[in-house]
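Commentary on secondary and tertiary structure
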Amino acid sequence: MITREVLVGEPVTVLGSASRAASLTVVGSRPAHGMRGRLHGSVAGHLTACVGCPVLVVCCRQSRTGPVVLAQDESPGAREAAEFAFAAASERGADLVVLHRTAAVRALAGLREQYPDVAVRTGPVRGRRNRLLVEASAGAQLVVVGVRRRNGSAAALSGPDGRSILRYAHCPVAVVPYGKV
């Protein structure tokens, strides 16, 4: 169910609070201007640090073609991001491209059985992961990245991967928090 209401207050605080009862929070972002890049100091960039549900950042074009791209790591809690990516690929009738640091992607086996309609392609990440994610976003419908929760909320995408993908993505980005709430 989609709901709509007017809330008053600081955007990050209000949206963060409202997101605790949501299954997905969607925010928009303006295209990059000059050297600052997208989301520098924006509501969307800060919101990814304080919500309890996935955040979909719609920053540019929406494409109905291309794969869903998942930046998969080997942490035990990263399954939430993988589940989100499989569901999104299934709903869109898209392939899923899984980018990972090691050749082991056994954690995806159960999800492949749950989503037999999703064709999965995997590729190891060599070199700079942030650059590869931005490049992969150029032909994608959606990029999905996981963010480990710390102290009850999702950690901000403050590392190089997070900053790059939020600033320079060519498609929407789903930020999926995982770990203990």
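My aim in this report is to walk through the structure given alongside it, one point at a time. (Residues numbered from 1 in each chain as written. Predicted model: local features only at pLDDT ≥ 70, side-chain atom pairs only at ≥ 80, totals over all residues. Heavy atoms only, no water.)

Next up on the list: the overall build of the protein. For the protein, the helix and strand inventory stands at six helices and eight strands. Each helix (α) and strand (β) of the protein, taken in turn from the N terminus, gives the series α-β-α-β-β-α-β-α-β-α-β-β-α-β. Counting across all 181 residues of the protein, residues that qualify as buried make up 43%. Long-range contacts, defined as pairs at least 24 residues apart, comprise 79% of the intrachain contacts of the protein with a sequence gap of at least 6. (Helix = DSSP H or I, 4+ residues; strand = E, 2+ residues; numbered from the N terminus. Buried < 20%, exposed > 50% of the residue type's maximum accessible area, 1.4 Å probe, protein only. Contact = heavy atoms within 4.5 Å.)

Time to look at the pattern of salt bridges. Enumeration according to the criterion identifies two salt bridges in this entry. Here Arg 79 makes a salt bridge to Glu 83, at a shortest N to O gap of 3.1 Å. Taken as a pair, Arg 79 and Glu 83 lie in helix H3 (residues 79-92) at a separation of four residues, close to a single helical turn. Judged by its relative accessible area of 34%, Arg 79 is partly exposed. (Salt bridge = Lys/Arg side-chain N within 4 Å of Asp/Glu carboxyl O.)

Moving on to the layout of surface pockets. Roughly 630 Å³ of internal volume is contained in the largest pocket. Residue lining of the largest pocket: 17 residues in total, with Ile 2, Thr 3, Ala 22, Leu 24 and Thr 25 positioned closest to the centre. Those elements giving two or more residues to the lining of the largest pocket turn out to be helix H1 (11-19) and strand S1 (25-28). Here the lining of the largest pocket takes three residues from H1, the largest share from any one element. Its residues assigned to classes, the lining of the largest pocket comprises 11 nonpolar, four polar and two charged. (1 Å grid on protein atoms, 1.4 Å probe; cavity = no way out; pocket = protein on both sides within 12 Å on 5 of 7 lines; lining within 4 Å. Points joined across faces, edges and corners; volume = space filled by probe spheres on them. Nonpolar A, V, L, I, M, F, W, Y, C, P; charged D, E, K, R; others polar.)

Relative to the elements of secondary structure, Val 27 occurs in strand S1. Of the residues examined, Val 27 reaches a relative accessible area of 10% and is grouped as buried. Taking the C-alpha atoms as reference points, Val 27 and Leu 15, separated by 12 residues in sequence, lie 9.4 Å from one another.

By size, the foremost hydrophobic cluster in this structure holds 22 residues, and its most contacted members are Val 143, Val 145, Ile 165 and Val 173. The set of elements that each furnish at least two residues to this core consists of strand S2 (55-58), strand S3 (68-72), strand S4 (96-100), helix H5 (129-137), strand S6 (142-150), helix H6 (160-168) and strand S8 (173-178). Among the elements that take part in this core, S6 stands out by supplying three residues, more than any other. Counting residues in hydrophobic clusters, the runner-up holds 20 residues, among them Leu 56, Phe 86, Ala 88 and Leu 108. (Core = buried A, V, L, I, M, F, W, Y, C linked by side-chain atoms within 4.5 Å.)

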